[in-house]
Amino acid sequence: MTSRPQRGDRSTRSHILDVAEHMVQSRGFNGFSYADVAAALAISKPALHYHFPSKAELGLALVQRYEQRFFEALSTVADRGAPARLEHYASLYAGVLREQRMCLCGMLAAEYRTLSEPMQQSVVHFFERNEAWLSEVLTLGQREQTLAFTGSAHEKARMIISCLEGAMLVARLYGDLGMFQTTAASLLAGLAPAAADETADTAG
């Protein structure tokens, strides 16, 4: 029988989050139970409840950790140009898909109405922070003339997120990472100044 975890047992808490995150990214938040997590870790359900008294609290911790790690990964390219930052952004999605998972918050967004209010707010915050980061990068690229697009940076940021999240879904359906990579490459290529000039010439 598994002993009761000691208060402050970060290792057990981290392992719980790792297993639950994988389950959300592959099954959805409503696709697993505490019993599934406990079985995967070979611990008792009371031990699981000790760290996360409710599934809603577990879900909130998952979103908060996912957001923290996501933006830590983005911070590694803070000194690069706008195009390189966008490429890195798309690569984070590809990396998740390569492991046969989906964006955690993308999966939760599909189940938004069934989530607790704190979880809903955290999922929205994740996407709003993504929009803000992308808007900043797009504005930088436009100012440096390394990116070109019509409309506002905020509108374009939302479009990028929507395209990448949607591309993940379709690629997952076909089990084809290359499909996602082709879509992402095409999306970013469309932001190149030359691509914008060609579009304008065609329209004229």
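See the structure printed just above.
Criteria and thresholds
- Residues numbered from 1 in each chain as written.
- Predicted model: local features only at pLDDT ≥ 70, side-chain atom pairs only at ≥ 80, totals over all residues.
- Heavy atoms only, no water.
- Disulfide = S-S within 2.5 Å.
- Buried < 20%, exposed > 50% of the residue type's maximum accessible area, 1.4 Å probe, protein only.
- Axes fitted to C-alpha atoms, helices over the stretch in contact; angles between N-to-C directions.
- Helix = DSSP H or I, 4+ residues; strand = E, 2+ residues; numbered from the N terminus.
- Parallel < 35°, antiparallel > 145°, perpendicular 65-115°, else oblique.
- Left-handed = near helix turned anticlockwise from the far one by under 90°.
- Contact = heavy atoms within 4.5 Å.
- Nonpolar A, V, L, I, M, F, W, Y, C, P; charged D, E, K, R; others polar.

S.K.: Explain the state of the cysteines to me, using residue names and the numbers behind them.
M.R.: By the definition in use, this model includes zero disulfides. Counting only cysteine sulfurs, C105 is the nearest neighbor of C103, a cysteine outside any disulfide, at a range of 5.4 Å. When its relative accessible area of 2% is taken as the criterion, C103 is described as buried. For C105, a relative accessible area of 0% puts it in the buried group.

S.K.: Mind laying out the packing of helix α5 (residues 82-98) against helix α9 (residues 177-189), listing which residues take part and the relevant values?
M.R.: Close contact between α5 and α9 brings their axes to 10 Å; oriented N to C, the two are set at 170°. The orientation of α5 relative to α9 falls into the category roughly antiparallel. For α5 against α9, the interelement crossing comes out right-handed. Here α5 contributes L86, E87, A90, Y93, A94, L97 and R98 to the contact with α9, which in turn contributes L177, F180, Q181, A184 and L188. Classifying every residue of the contact of α5 with α9 by side-chain character gives nine nonpolar, one polar and two charged.

S.K.: Outline the packing of α5 against helix α7 (residues 117-144), listing residues and values.
M.R.: Packing of α5 against α7 brings their axes to within 8 Å, and their N-to-C directions diverge by 150°. Classified by the angle their axes make, α5 and α7 are roughly antiparallel. Relative to α7, α5 is oriented so that their crossing is left-handed. On α7, the residues that touch A82, R85, L86, Y89 and Y93 of α5 are N130, W133, L134, V137, L138, L140 and G141.

S.K.: How would you sum up the side chain of E165? Please name residues and give values.
M.R.: Within the element layout of this structure, E165 appears in helix α8 (residues 153-174). Excluding residues within four positions of it along the chain, E165 makes contact with Y93, C103, G106 and F127.

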